[in-house]
Amino acid sequence: PPSQLFSLFHATHMQPNCGTSDGCRYGSKSHNKQFQRRWTVYDVSVSVLTSLMILLIYVSWSTSTMSTTSHTRSLSSPLSPAQSRRIFVDASYTIPTGGPEALLQLTLVFNKLFPQQTYIIPYREDIASSWNVLSDTFKYTVSGKSHFSEFTLHPQFKSEYPLASQIPIGHLPDIVAGDILILPEIFPCPKTLVAKGILVYIWILGANQQKMTQLVRSGECSLLSHNYWLSQNMGAHIPASSILRPYLSPSLLPHTPLLHSLALKEDFILIDNDTPSTVVETIFTFCVEFPCTPVVAKGFTRPHLLGLYARAKVVVDWCMRGSERMPIEAVVHGAILISSSCGCIQDHRDFPIPPRNIIPQGAEAEHKLLLKSTLARVLRGYYGEELEAYAGMRELYGRNLTVQSLEEEVRVWYEGDTQLHSHL
């Protein structure tokens, strides 16, 4: 406390250096004379600097005890792991795409299940600025905040998930042994944190062979998956209890039954923006011949996407690295998904669609012909068997995968994970 600091300062810098015990009591004339003789420029400098340091410490102490923002959950006294292990999720991304939204959804579920233990951690900022700890500490002390506390959610996420702004912010220095840290697969396993006893989980939201191989070979971090295919392919062997499936943005779900909106459908093909250029060119060529309207889904706002979903009879995405949200959202609004036989489309539990609309890998010429014939068949038979064949996928993502289902999957994982219970 400040009173003790000033007492320490008084005892250290104000005590006279007397040669004998006589005359060294404060207030005596001999003490005053000796003290005045020793009050040199050097003493003044040391005293001033010490005073400034004490003032800086006092301001830091005062600031840390005040509630300056809504993120005031105490991090100084972790509760016992058996009662309240803390959870830190890197849900600090400001780009409103599928991965960041999934991380935010997961954090919200943890916050609902463990309301006094959940934190958003801006992990990428922490590791990027760890070299500048002194500077950040000084900025926090002087101004009450640093770049750490300036993190804000994207306005779109604030609107979609208003409760997210109530989740406090944590940082790497806050995490101790027994705490949980959940990161997306874009980061390598932080082995130094694992060595400290922190339970680090990598949530795989999309991966290629190289990324998955790195994560599996590391063996230090535990893995979570956001769908079935990623949990059992490319070298991964993630148990079903560690599959945590995010849900679609509530604002992008249909507000009326599909039958009421079928009149808006056109011979309109929506193409995911990471589809290979050769496939895009084939679709554009086909639409000149058929005819139809192709559009690459890039740079559209959410309201614009809803308009595209309402018009589209077909959505195309190739070699999906995960459960891509754009094609799933389009299917929920009545589009027919056509994809290639690589990536996550291969697991029927993630994408329950008929095999006839999955284009097998092969020679480029044959590939193009098969894609064109599939597009023509789907557009001509849209209102019959094609639309009916996707009822299961519309049910899965439009009704079954919700915040409640994610909450239940998190609960099952948390209660059944052997690593978590071995650290209690």
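Residues numbered from 1 in each chain as written. Predicted model: local features only at pLDDT ≥ 70, side-chain atom pairs only at ≥ 80, totals over all residues. Heavy atoms only, no water.

J.: Account for helix α14 (residues 302-311), with residues named and values stated.
T.: Among all positions of α14, only R302, L305, L308 and Y309 are buried. Buried residues in α14, looked at end-on, bunch into an arc of 110 degrees, giving them a common side. Close packing links the buried residues of α14 with α5 (98-113), α8 (155-160), β6 (268-272) and α15 (325-332). (Buried < 20%, exposed > 50% of the residue type's maximum accessible area, 1.4 Å probe, protein only. Helix = DSSP H or I, 4+ residues; strand = E, 2+ residues; numbered from the N terminus. Arc of directions from axis to C-beta. Contact = heavy atoms within 4.5 Å.)

J.: Which residues make up the packing of aromatic side chains, and what values go with them?
T.: A full pass over the atoms with the stated rule returns 9 aromatic pairs. Ring geometry for F88 and Y119: centres 5.0 Å apart, planes at 15 degrees, overall stacked. Pair noted here: F88 is in strand β1 (residues 87-89) and Y119 is in strand β2 (residues 118-120), with a separation of 31 residues, a long-range link. Exposure remark for Y119: the relative accessible area of 1% places this residue in the buried category. Between Y201 and W413 the ring centres are 5.0 Å apart and the planes differ by 90 degrees, which places this aromatic pair in the edge-to-face class. With a gap of 212 residues between them, Y201 in strand β4 (residues 199-204) and W413 in helix α19 (residues 403-416) connect regions that are remote in the sequence. (Phe/Tyr/Trp six-rings, centres within 6.5 Å; stacked < 30°, edge-to-face > 60°.)

J.: How would you sum up the nonpolar core? Please name residues and give values.
T.: Generally speaking, soluble globular proteins have nonpolar side chains that are buried together. Counting 111 residues, the largest nonpolar core has L181, I269, L270 and L337 as its most contacted members. Residue contributions to this core peak at 8 residues, all from α5. Each residue touching L337, except ones within four places of it in the same chain, is listed here: V315, D317, M320, P327, V331, I345, F351, I353, N357, Y390 and M393. (Core = buried A, V, L, I, M, F, W, Y, C linked by side-chain atoms within 4.5 Å.)

J.: Can you lay out the pattern of salt bridges for me, pointing to particular residues and giving the numbers?
T.: The final tally for this structure, using the stated rule, is 16 salt bridges. In this structure, the salt-bridge partner of K112 is E407, at a minimum N-O distance of 3.0 Å. Taken together, the positions of K112 in helix α5 and E407 in helix α19 put the pair 295 residues apart, joining distant regions of the chain. The exposure class assigned to K112 is exposed, which follows from its relative accessible area of 55%. What makes E407 buried here is its relative accessible area of 13%. Here E408 makes a salt bridge to R411, at a shortest N to O gap of 3.9 Å. One end of the pair is E408 and the other is R411, both in helix α19 and 3 residues apart, which spans about a single turn. The exposure class of R411 is partly exposed, given its relative accessible area of 33%. If you follow the salt bridges from partner to partner, you end up with E101, E160, R302 and R325 in one network. (Salt bridge = Lys/Arg side-chain N within 4 Å of Asp/Glu carboxyl O.)

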